[in-house]
Amino acid sequence: MEVQMKGVIMATMAMMSVIMFGVMVQGKPNDYVYGLCNTQNYEPNSSFALNVNTAIGTLVGKSKQSLSGYDNVVPKKEPNSSFVYSMYQCRGDASLAQCSSCVAQIVGTPPCGLAIGTRIQYKACYLRYENAPFSTTQDFTLITLNCSTPSNITLSSSYQSDLKSALRLAAGAAPRSHLLFNSSRVGSAYAITQCLPYLSPSACRKCLSQVSDHSSFCPKSTSGYVYFVTCFYLFGNMPLSL
């Protein structure tokens, strides 16, 4: 099996370190994909530490109840250095149980330690907290990708053409969905696309327009994933359900 991975483009993430693993696209819901950790740390007994624990604990509770697969915790007072802004999002096809389990897994095994900012992506969910607001961010930078071409699989001659069509359909439909999510199939090619929930439909469309460059990200690959800062897409020759 050939696997290609690319690291973080650091131009817009100068204060972040990265932790990545080459998870296969057909993995388990709680499989770890990547982590971005701010290089600055907070003191373990500080007000910020207390607010981090409160925020992420609240997110775990909300993930057990929210049918939208998304929620956030935002300070309601005047901002100060101890405030924490946080959110989670689950994949649009995740069940409530899968969603809450995934969020709890991230919170229970935090890879970033005492970093003042964290972005963690698992297969079924995403969690982020920062010391500053981020809900207006429209960043379409590539974070990571994984492209797989197993040598023991024989695909039809039309697979790459079908994959291109499936990706185009999913990228076009996601911005029109209330979850900014879509799953499409053409022939034996499957595709999933999703944007972060605070993007407008037009911003989601712009982020997912990068799907048109799929051949430069994963040329002739059978399956894989491509994650940008505010959207992602998955593709494969088998169903991509969780």
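Quick note: structure is the one above.
Residues numbered from 1 in each chain as written. Predicted model: local features only at pLDDT ≥ 70, side-chain atom pairs only at ≥ 80, totals over all residues. Heavy atoms only, no water.

## Re empty space enclosed by the protein
Right, so step 1: One pass over the structure, following the stated rule, counts three cavities of 30 Å³ or more.
Right, so step 2: Computed from the structure, the largest cavity encloses a volume of approximately 80 Å³.
Right, so step 3: As for the largest cavity, its lining consists of 13 residues, and the residues nearest its centre are Gln121, Leu196, Val229, Cys231 and Phe232.
Right, so step 4: Among the elements of the structure, β10 (189-195), β11 (223-228) and β12 (231-236) are those that each provide at least two residues to the lining of the largest cavity.
Right, so step 5: When the residues that make up the lining of the largest cavity are grouped by side-chain class, the tally is nine nonpolar, four polar and no charged. (1 Å grid on protein atoms, 1.4 Å probe; cavity = no way out; pocket = protein on both sides within 12 Å on 5 of 7 lines; lining within 4 Å. Points joined across faces, edges and corners; volume = space filled by probe spheres on them. Helix = DSSP H or I, 4+ residues; strand = E, 2+ residues; numbered from the N terminus. Nonpolar A, V, L, I, M, F, W, Y, C, P; charged D, E, K, R; others polar.)

## Considerations on the state of the cysteines
Right, so step 1: Applying the stated criterion across every chain, the model contains six disulfides.
Right, so step 2: One disulfide in the model links Cys102 with Cys125; its S-S distance is 2.0 Å. Here the disulfide of Cys102 and Cys125 is left-handed, its torsion about the S-S bond being about -85°. Placement of Cys102 in helix α2 (residues 96-108) and of Cys125 in strand β7 (residues 125-130) is noted, with a sequence separation of 23 residues between them. (Disulfide = S-S within 2.5 Å.)

## Quick word on α2
Right, so step 1: When the terminal C-alpha atoms of α2 are compared, their 18 Å separation across 13 residues agrees well with the 18 Å that a helix rising 1.5 Å per residue should span.
Right, so step 2: Looking at the packing, one finds that the buried side of α2 touches α1 (47-63), β5 (85-90), β6 (118-122) and β7. (Expected span 1.5 Å × (residues − 1). Contact = heavy atoms within 4.5 Å.)

## Describing the packing of α1 against α2
Right, so step 1: Between α1 and α2, the least distance of the axes is 8 Å, while the angle of their chain directions is 165°. It follows that α1 is roughly antiparallel to α2 by the angle criterion. For the element pair α1 and α2, the recorded crossing hand is left-handed. Listed contacts from α2 to Ile56, Leu59, Val60 and Ser63 of α1 are Leu96, Cys99, Ser100, Val103, Ala104 and Val107.
Right, so step 2: Per-class residue counts for the contact of α1 with α2 are eight nonpolar, two polar and no charged. (Axes fitted to C-alpha atoms, helices over the stretch in contact; angles between N-to-C directions. Parallel < 35°, antiparallel > 145°, perpendicular 65-115°, else oblique. Left-handed = near helix turned anticlockwise from the far one by under 90°.)

## Things to note about the side chain of Thr222
Right, so step 1: Looking at where Thr222 falls in the secondary structure, it is placed in the loop between α5 (214-217) and β11.
Right, so step 2: Among residues more than four places away in sequence, those in contact with Thr222 are Ser148, Thr149, Pro150, Leu155, Tyr159, Phe235, Gly236 and Asn237.

## A word on the packing of aromatic side chains
Right, so step 1: Under the criterion given, the structure shown has eight aromatic pairs.
Right, so step 2: Taking the centre distance of 5.7 Å and the plane angle of 65° together, the rings of Tyr32 and Tyr122 count as edge-to-face. Of this pair, Tyr32 sits in strand β3 (residues 32-38) while Tyr122 sits in strand β6, and the two are 90 residues apart along the sequence. This pair shows no difference in class: Tyr32 is buried, exactly as Tyr122 is.
Right, so step 3: Look at Tyr233 and Phe235: their rings are 6.3 Å apart centre to centre, the planes differ by 40°, and that puts the pair in the tilted class.
Right, so step 4: Exposure remark for Phe235: the relative accessible area of 0% places this residue in the buried category.
Right, so step 5: Put simply, the rings of Tyr34, Tyr225, Tyr227 and Phe232 touch in pairs and so form one group of aromatic residues.
Right, so step 6: In this structure, Arg128 packs its charged tip against the face of Phe134, placed 4.2 Å from the ring centre. (Phe/Tyr/Trp six-rings, centres within 6.5 Å; stacked < 30°, edge-to-face > 60°. Buried < 20%, exposed > 50% of the residue type's maximum accessible area, 1.4 Å probe, protein only. Lys NZ or Arg CZ within 6 Å of the ring centre and 35° of its normal.)

## Some details on unusual backbone geometry
Right, so step 1: Phi angles above zero are rare outside glycine, and Leu180 is one such case at about 55°.
Right, so step 2: Looking at where Leu180 falls in the secondary structure, it is placed in the loop between α3 (159-173) and β9 (181-186).
Right, so step 3: A relative accessible area of 6% places Leu180 in the buried class.
Right, so step 4: Not every positive phi belongs to a glycine, and Lys220 is a case in point at roughly 60°.
Right, so step 5: In this structure, Lys220 sits in the loop between α5 and β11.

## Some details on the pattern of salt bridges
Pairs can form between side chains of opposite charge once their charged atoms are near each other.
Right, so step 1: Throughout the structure, instances matching the rule amount to four salt bridges.
Right, so step 2: A salt bridge links Asp71 to Lys62, with the nearest nitrogen and oxygen atoms 3.5 Å apart.
Right, so step 3: Here Glu130 makes a salt bridge to Arg119, at a shortest N to O gap of 3.7 Å. Placement of Glu130 in strand β7 and of Arg119 in strand β6 is noted, with a sequence separation of eleven residues between them.
Right, so step 4: Accessibility expressed as a relative area gives 7% for Glu130, which makes it buried.
Right, so step 5: Under the relative-accessibility criterion, Arg119 is labelled buried at 9%.
Right, so step 6: Counted as one network, the salt bridges with shared partners bring together Arg119, Arg128 and Glu130. (Salt bridge = Lys/Arg side-chain N within 4 Å of Asp/Glu carboxyl O.)

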